[in-house]
Amino acid sequence: MFNSPLFRLADRYPNLDLIKLKVLAMVADYEGAAICDLAEELAMPHAEVQHLVAMLAAGRKGREKQGMGLLIVGPDPADKRRTSLRLTKKGQRIFKTIEPLTRSEP
């Protein structure tokens, strides 16, 4: 009955909830963002955002199967203490699906 890209996305990625979509959109808008930047913008604890990022990336240590492979987590070239985030190719495809929904209406 429903065959929109958003419904297909929800069927394919049932663990991709609204807060994870927000994180994807923020990383797409500001590639190289750090976890602390996201936590501040989302007004969430750093540890909670770190968990979200782990699930969107390769998964937590010992639970790699739960990772979605949508983010690349690496050291910030300017400050090795910070973590830099980027979308993977898969993450970019998903963001292209949700991008029209992230635009504000005129």
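Just so we're clear, the structure is a prediction, and the values are computed from it rather than from any experiment.

## As for the packing of helix H3 (residues 35-42) against helix H4 (residues 46-56)
For any two helices packed against each other, one specifies the inter-axial angle together with the distance between the axes. Axis separation between H3 and H4 bottoms out at 9 Å; the angle between their running directions is 115°. Crossing of H3 over H4 shows right-handed handedness. Residues Ile-35, Cys-36, Leu-38, Ala-39 and Leu-42 of H3 pack against His-46, Val-49, Gln-50 and Val-53 of H4. For the contact of H3 with H4, the residue count by class is 7 nonpolar, 2 polar and no charged.

## Looking at the pattern of salt bridges
Two side chains bearing opposite charge may form a pair once their charged atoms approach each other closely. In total, this model carries 3 salt bridges according to the counting rule given. A salt bridge links Arg-82 to Asp-76; its shortest N-O distance comes to 3.5 Å. On the basis of relative accessibility, which here comes to 13%, the residue Asp-76 falls in the buried class. Note that Arg-81 and Asp-79 form a salt bridge whose closest N and O atoms lie 3.1 Å from each other. Counted as one network, the salt bridges with shared partners bring together Asp-37, Asp-76 and Arg-82.

Scoring rules and cut-offs
- Residues numbered from 1 in each chain as written.
- Predicted model: local features only at pLDDT ≥ 70, side-chain atom pairs only at ≥ 80, totals over all residues.
- Heavy atoms only, no water.
- Axes fitted to C-alpha atoms, helices over the stretch in contact; angles between N-to-C directions.
- Helix = DSSP H or I, 4+ residues; strand = E, 2+ residues; numbered from the N terminus.
- Left-handed = near helix turned anticlockwise from the far one by under 90°.
- Contact = heavy atoms within 4.5 Å.
- Nonpolar A, V, L, I, M, F, W, Y, C, P; charged D, E, K, R; others polar.
- Salt bridge = Lys/Arg side-chain N within 4 Å of Asp/Glu carboxyl O.
- Buried < 20%, exposed > 50% of the residue type's maximum accessible area, 1.4 Å probe, protein only.

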